[in-house]
Amino acid sequence: IIRGKRFTKADYVADGGVGCIHYGEIYTSYGTTATTAISRVRADLAATLRFAQKGDVVLTDVGETVEDVGKAVAWLGDEDVAVHDHCYIIRSTVNPVYLSYYMQTSAYLAAKDKHIARTKVNTLLPNGLRRIPVPVPSADEQLRVAGILTKFDALMNDLSVGLLAELRARRQQYETYRDRLLHFDEAAA
């Protein structure tokens, strides 16, 4: 378990720089896996930062809610990515996609709940994180489970897109019929 290093919003750049993961983005912008960084920080900071490598899992250590603390993303990008100091990098032999999915389960959430310090900001310290049990089946089984969940996740997201398109089409159809039903030619005088 490796803690990230501090950078601030003032360190962000629009172009160039170094890809980075800020803990707030894990709640709002990343899913179970990521291959590209959403944000970038100045390149001159690189020597002072800590980086997740392809195959690492990055998770938050703080959050406004208990649910946010410990939220994870498997980093699958080809470039190393700088990690904020309110995140941990988990570097292990466990399949990162499997681990990221596991960190969404009710079993993980219940175990994590016992190790969160509820202060001004909810915090998960490294010693607490180390105490959360994670079932580790064989590498082949991890890959199989991760593959099934990834396909299911893609299907659910595709359904959502399809359902939204269907809802828009039905709404447009409704509006067309409504306008036709409520359109009356004025009676000639």
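Residues numbered from 1 in each chain as written. Predicted model: local features only at pLDDT ≥ 70, side-chain atom pairs only at ≥ 80, totals over all residues. Heavy atoms only, no water.

Focus: the packing of aromatic side chains
Then, number 1: Going through the model one piece at a time under the given rule, you end up with 3 aromatic pairs.
Then, number 2: Both rings, one in phenylalanine 7 and one in tyrosine 12, keep their centres 6.2 Å apart while their planes meet at 50°; by these two values the pair is tilted.
Then, number 3: Judged by centre distance (6.0 Å) and plane angle (80°), the ring pair of tyrosine 23 and tyrosine 27 falls under edge-to-face. Of this pair, tyrosine 23 and tyrosine 27 are both found in helix H1 (residues 23-28), 4 residues apart, which corresponds to roughly one turn of the helix.
Then, number 4: Residue classification places tyrosine 23 among the partly exposed residues on the basis of a relative accessible area of 23%.
Then, number 5: Under the relative-accessibility criterion, tyrosine 27 is labelled partly exposed at 22%. (Phe/Tyr/Trp six-rings, centres within 6.5 Å; stacked < 30°, edge-to-face > 60°. Helix = DSSP H or I, 4+ residues; strand = E, 2+ residues; numbered from the N terminus. Buried < 20%, exposed > 50% of the residue type's maximum accessible area, 1.4 Å probe, protein only.)

Concerning the layout of surface pockets
Then, number 1: Considering only enclosed or pocket space, the largest pocket measures out at about 180 Å³ in volume.
Then, number 2: Residue lining of the largest pocket: Ile1, Ile90, Ser92, Val94, Leu99, Met103, Tyr108, Leu129, Arg130, Ile132, Val134 and Val136, and that is the complete set.
Then, number 3: When the residues that make up the lining of the largest pocket are grouped by side-chain class, the tally is 10 nonpolar, 1 polar and 1 charged. (1 Å grid on protein atoms, 1.4 Å probe; cavity = no way out; pocket = protein on both sides within 12 Å on 5 of 7 lines; lining within 4 Å. Points joined across faces, edges and corners; volume = space filled by probe spheres on them. Nonpolar A, V, L, I, M, F, W, Y, C, P; charged D, E, K, R; others polar.)

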